[in-house]
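Chains, contacts and geometry: an overview
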Amino acid sequence: MSPLDFFAWLGDSDWSTNLHESRYAYPLIESVHVWTMAVFFGSVAMFDLRLMGMIMRKVPLGEVVRRLLPWTIAAFAVMVVTGTLLFFAIPLRSYQNIFFRSKMLLMVLAGLNVWIFHSRVFPKAIDAEAAAAPPRAARIAGALSLVLWTGIVFSGRMIAYNWFDCDRQPQPDIVNFLTSCVPGE
Amino acid sequence: MLWFFQWCYQTSIGEGIRESTWLFPVIEAFHLIGLGLTIGAVLLVDLRLLGFGLVKQPVAQLATSVEPWLFGSLALMFASGIPLFVSEAIKCYNSFPFWVKMTSLFLVLLFTFTIRRRVTQTNADARPLLSGRVTAVVSLGLWFGVAWGGRWIGFS
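The structure presented is a predicted model; accordingly, all values stated were derived computationally and were not measured.

**Some words on the overall build of chain B**
Across its full length, chain B holds 7 helices and 0 strands. A total of 156 residues make up chain B; the buried ones form 51% of that total. A separation threshold of at least 6 residues defines the contact pool for chain B, and within that pool the share at least 24 residues apart is 80%. Only carbon and sulfur atoms are counted for the fraction: they give 72% of the accessible area of chain B, which is about 7,500 Å². Separation of charge centres in chain B, based on 11 positive and 7 negative side chains, amounts to 13 Å.

Right, dumping it as structure tokens:
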């Protein structure tokens, strides 16, 4: 079964159809997704700005991580659940949506940034803290995070307006390649 | 007041956005980034007032530190929100969520730059005070009104 077949099958299920056509559930899930995004993006941005030394310089980095990260993680969990439901309601169209794909790609990159930061940069940043300004690596990680999450929010918003949809042909070959669209089907 | 909304709707900015495929969503994305930054700057202080988050830090210091970002993100919200409004002003006029949003926005801005500012600058106590808790609840409640209305304009 190809991914296209699988997502077409998923979209034909009663659960997916009911969710997609529901009068309140779908908009409500979408609302929770965007409200939680504000909390998630907001807390990430405040942390990134701290990493870059632009706000809260007097607050130790370790304290910011300890006290704010649980809120970020909780918001992220809600975003994953609501985001999965939104995908589940419209699986095939989302899978073939160029903005959905760029969002997923950017999420992988943002995840890598988180992983590298917490395994390598953060321990050193804590050590260096007593000394002076945040180390270069920490500032880079903060800036990267801001750029990546901004890109993710942009991609996420564009998903609903997809002007590269498979049904909107003709599209350049490169677009149909990137979206696995088969014109004429 | 309807004439004002009609006038906004027929401006060249409104028309240009309506005619473009991608302008509206792109401006909306900027608006969302502004929303995230605003909520981040607000939440950092309001959580502290409620006794969560950075509890070891003085409230006034946190509030002063993030204030430029609060102003900056609000400016981004207005700069992106006004063109969005102009492009669909007549729809907004007839939208209940739009009026909820505008009322909440007016109240929250008034509250933030008067009472909340005073509370955050004078709340020197390390423990969360009742005045601080009430301030945070009002602030977050009003911001939620703004975010609720904002999202539901699109569903009406």
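Past the structure itself, the notes keep going.
**Remarks on the overall build of chain A**
Counting its regular elements, chain A contains 8 helices and 0 strands. Moving toward the C terminus, one meets the helices and strands of chain A in the order α-α-α-α-α-α-α-α. Overall size of chain A, expressed as C-alpha extent along the three principal axes, is 65 × 35 × 25 Å. Evaluated residue by residue, chain A yields a buried proportion of 43% over its 185 residues. Considering only contacts within chain A whose residues lie at least 6 apart along the sequence, 76% involve residues at least 24 apart. Here chain A displays about 10,100 Å² of accessible surface, and carbon together with sulfur accounts for 69% of that area. Taking the average location of the 15 positive side-chain charges in chain A and that of its 13 negative ones, the two points are 17 Å from each other.

**A short note on the state of the cysteines**
Residue and element names in this part refer to chain A. Scanning all chains against the criterion turns up 1 disulfide over all chains. With a sulfur-sulfur separation of 1.9 Å, Cys 166 is cross-linked through a disulfide to Cys 181. Between Cys 166 and Cys 181 the sulfur-sulfur dihedral comes to about -75°; the bridge is accordingly left-handed. Taken together, the residues span a long stretch of sequence, with Cys 166 in the loop between α7 (136-159) and α8 (173-179) and Cys 181 in the segment after α8 at a distance of 15 residues.

**Some points on the environment of B:Val146**
Residues and elements named next belong to chain B. By secondary structure assignment, the location of Val 146 is in helix α7 (residues 130-153). Residues Val 146 and Leu 74, spaced 72 residues apart in sequence, show a C-alpha to C-alpha distance of 13 Å. Discounting residues that sit within four places of it in the chain, Val 146 has contacts with Lys 101, Ser 104, Leu 105 and Val 108.

**Description of the packing of helix α1 (residues 2-9) of chain B against helix α4 (residues 59-87) of chain B**
All names here are of chain B. In contact at an axis separation of 7 Å, α1 and α4 are set at 100° when each is read in the N-to-C sense. As far as their axial angle goes, α4 and α1 are roughly perpendicular. Listed contacts from α4 to Phe 5, Cys 8 and Tyr 9 of α1 are Phe 85, Val 86 and Ser 87. Within the contact of α1 with α4, the residues separate by chemical class into 5 nonpolar, 1 polar and no charged.

**Some points on the nonpolar core**
Within soluble globular proteins, side chains that are nonpolar tend to cluster in buried spots. A:Phe41, A:Met56, B:Leu44 and B:Trp143 are the most contacted members of the largest nonpolar core, which totals 69 residues. Mapped onto this core, the elements with two or more residues apiece are α3 (25-51), α4 (61-89), α6 (98-129) and α7 of chain A together with α3 (23-50), α4, α6 (96-122) and α7 of chain B. Look past the residues within four positions of B:Trp143 in its chain and what remains in contact with it is B:Thr38, B:Ile39, B:Val42, B:Leu74, B:Leu105, B:Val108 and B:Thr112. Within the second largest apolar cluster, 8 residues are counted, among which are B:Phe5, B:Cys92, B:Phe98 and B:Ile153.

**Looking at the side chain of A:Glu63**
Here A:Glu63 shows up in helix α4. In contact with A:Glu63, other than residues within four places in its own chain, are B:Leu54, B:Lys56 and B:Gln57.

**Focus on the packing of α3(A) against α7(A)**
All names here are of chain A. One way to put it is that α3 packs onto α7 with a least axis distance of 8 Å and a crossing angle of 155°. Judged on the interaxial angle alone, α7 and α3 are roughly antiparallel. Crossing geometry of α3 relative to α7 is assigned as left-handed. Two secondary-structure elements touch here, α3 through Met 37, Phe 40, Phe 41, Val 44, Ala 45, Asp 48, Leu 49 and Leu 51 and α7 through Ala 138, Arg 139, Gly 142, Ser 145, Leu 146, Trp 149, Thr 150 and Val 153. Taken together, the residues of the contact of α3 with α7 sort by class into 11 nonpolar, 3 polar and 2 charged.

**Side note on the confidence of the model for chain B**
Mean pLDDT over chain B stands at 94; residues scoring 70 or higher make up 98%. In the predicted complex, the global pTM is 0.93; the interface-specific ipTM is 0.94.

**Overview of the environment of B:Gly149**
All names here are of chain B. Here Gly 149 lies in helix α7. Looking at Gly 149, the relative accessible area reads 0%, which means it is buried. Each C-alpha atom, one on Gly 149 and one on Lys 101, is 4.6 Å from the other, the two residues being 48 residues apart in sequence. Residues within four places of Gly 149 in sequence aside, it is in contact with Pro 97 and Lys 101.

The rules behind the values
- Residues numbered from 1 in each chain as written.
- Chains lettered and ligands numbered in written order.
- Predicted model: local features only at pLDDT ≥ 70, side-chain atom pairs only at ≥ 80, totals over all residues.
- Heavy atoms only, no water.
- Helix = DSSP H or I, 4+ residues; strand = E, 2+ residues; numbered from the N terminus.
- Buried < 20%, exposed > 50% of the residue type's maximum accessible area, 1.4 Å probe, protein only.
- Contact = heavy atoms within 4.5 Å.
- Areas by Shrake-Rupley, 256 points an atom, 1.4 Å probe, with all protein chains shown as cover.
- Lys, Arg positive; Asp, Glu negative; His and termini not counted.
- Charge placed at Lys NZ, Arg CZ, Asp CG, Glu CD.
- Disulfide = S-S within 2.5 Å.
- Axes fitted to C-alpha atoms, helices over the stretch in contact; angles between N-to-C directions.
- Parallel < 35°, antiparallel > 145°, perpendicular 65-115°, else oblique.
- Nonpolar A, V, L, I, M, F, W, Y, C, P; charged D, E, K, R; others polar.
- Core = buried A, V, L, I, M, F, W, Y, C linked by side-chain atoms within 4.5 Å.
- Left-handed = near helix turned anticlockwise from the far one by under 90°.
- pLDDT = per-residue confidence, 0-100.

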